[in-house]
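Notes for the structure review
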Amino acid sequence: MAQDKQIKSDIGDIEKLIDPASGEAAIPESAKIHTDLNLKALNIPMLLMLIVMIVFGLVILYSVSGPDAYGLHHDSAYFLKRQIIQTILGLVACIAIAFWPIKFFAQKWVMILAYLGSLGLAFWTLAAGVGSEHGATRWVNIGPIQFQSSEVIKVALIVAFAGYRAAVDKRRKEGKFRPAKTARAQAVFNAIVDLVIPAVFIIIVDVVIIMQPHVSCFIIIAAVIVMSALVSEIPLKSWIVGGALMLGFAVVLLGFVMALLPAEGRDKILKNYAHVFKRIAIFNQGDDDEEGDTNLTKDDTRQIDNAHNALGSGGMWGVGLGNSRSKYNYVAEAQNDYIFSIYIEETGFVGGLILMTMYMIMFVMCIRVILQANGVFNRTVATGCTALIFIEVLMNISVELQVIPATGVTLPFMSYGGTAQIMLLVAYGLILSVSKYGKKPKENKPSRSSKKAV
């Protein structure tokens, strides 16, 4: 009897879980909460990949930077210690952002603050920047803190552009844009709203940056925003009409500037970009060019020549970690722009293949987040941050392989640089946040029992 009562009690409990309307099991609230937490779990594989990349980079940085660190600061671990501190700060920011709902960054006030902050930093660096390098001012000081403003601007503009595109998409879906009277007027209006307005705002910041002059940052921002725009659901007609409008305006503006600018002003501008022309001349002077540019000296080409020699001397397996000869002042500041060359010298072709594989795995993970992203903002910000990381990877390695002229772009997660390390980790945190909170909802597949019923 007691057993029969227990069975009836269990059947009653099961019947309570059955929804009488649908005949399906009703999930308790506690189970629903648990399911939501599982759906929004942090992307552990991506986080582990990041940690592996960071640890790998710190090992390489210590191996490459030892001689310069000891010669300049009497401490062979000087650059490593500073990089560890900056990496910890960046990781804290990365994980905090990863656990912060991505929709927070899509708010209008965040978009406005990100853009105005970018514009303010660009003008501040132009007017009061420090740390001139070949005539370019790239650093600003806030009390004892010195940072490279361009690294902050890159990420901020991605957020600002993604926020703008999301706001436009929302207003259009809500029907808040009044339709134009004619189809032609509607096409022009759409092109201005979709493409011209955000492009003009980005170009304003980019022009201030190139006036510093910081050409590599100018190129990176332009490339990243274009990549972001391609996935932000801008109609093809808006691309065509908006592109034609901006091209026409650019030609007219350039004509006015060239006509009104005196010859002295043109010479001053050309002089300001002398280092850019020299880098192009060095790149164009190939190994088979015996005469080359007569204005270039051996000292001008020493850095790129020694970096190229370091790449070639690594062979299949390299000379061994820590055994590079080129890092002993043959390649200046090897821990920055040319860290890849010294790394290849020490680890060889196999080491280079390992590093490329790691970058490719990380890239595929980021692409997967983009493909699964739900909504314009999530997809755009994930694409922009992914493009930022891997465009810099391609540019750095292309320079060291002598595919493009020298740019001064560092190798993400490998090169020494506090501001770059922190902001790249912030960008990665945004991608993690999209993977956690911005995924498309999974479609429920019909069960076997429902298929049989049909």
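One structure accompanies this document, and this report is about it. Fair warning: this is a prediction, and the values are worked out from it, not measured in the lab.

In this section: the side chain of Ser149. Looking at the element boundaries, Ser149 is found in helix H6 (residues 149–173). Looking at Ser149, its side chain comes within polar contact range of the side chain of Thr125, at 2.6 Å. Those residues in contact with Ser149 that sit more than four places away from it in its chain are Leu121, Thr125, Arg138 and Val140.

In the sheet, strand E1 (residues 139–142) pairs with strand E2 (residues 145–148) via four bridges, with the strands oriented antiparallel. Note that in E2 the partner of Ile142 across the bridge is Ile145. As consecutive antiparallel partners, E1 and E2 are separated by two residues, and within that stretch Gly143 has a phi angle of approximately 65°, a positive value.

A word on the packing of H6 against helix H15 (residues 418–437). Packing of H6 against H15 brings their axes to within 8 Å, and their N-to-C directions diverge by 20°. When the axes of H6 and H15 are compared, the pair comes out roughly parallel. Classified by chirality, the crossing of H15 by H6 is left-handed. Contacts from Glu151, Val152, Val155 and Val159 in H6 reach Thr419, Ala420, Met423, Val426, Ala427 and Leu430 in H15. Per-class residue counts for the contact of H6 with H15 are eight nonpolar, one polar and one charged.

In this fold, Ala373 is placed in the loop between helix H13 (339–372) and helix H14 (376–400). Classification of Ala373 by relative accessible area gives buried; the value is 1%. Separated by 64 residues in the primary sequence, Ala373 and Tyr437 have C-alpha atoms spaced 9.0 Å apart. Discounting residues that sit within four places of it in the chain, Ala373 has contacts with Asn378, Arg379, Val434, Gly438 and Lys440.

How each quantity is defined
Residues numbered from 1 in each chain as written. Predicted model: local features only at pLDDT ≥ 70, side-chain atom pairs only at ≥ 80, totals over all residues. Heavy atoms only, no water. Helix = DSSP H or I, 4+ residues; strand = E, 2+ residues; numbered from the N terminus. Polar contact = N/O pair within 3.5 Å; in protein donor to acceptor, adjacent residues only side chain to side chain. Contact = heavy atoms within 4.5 Å. Pairing = 2+ DSSP bridges. Axes fitted to C-alpha atoms, helices over the stretch in contact; angles between N-to-C directions. Parallel < 35°, antiparallel > 145°, perpendicular 65-115°, else oblique. Left-handed = near helix turned anticlockwise from the far one by under 90°. Nonpolar A, V, L, I, M, F, W, Y, C, P; charged D, E, K, R; others polar. Buried < 20%, exposed > 50% of the residue type's maximum accessible area, 1.4 Å probe, protein only.

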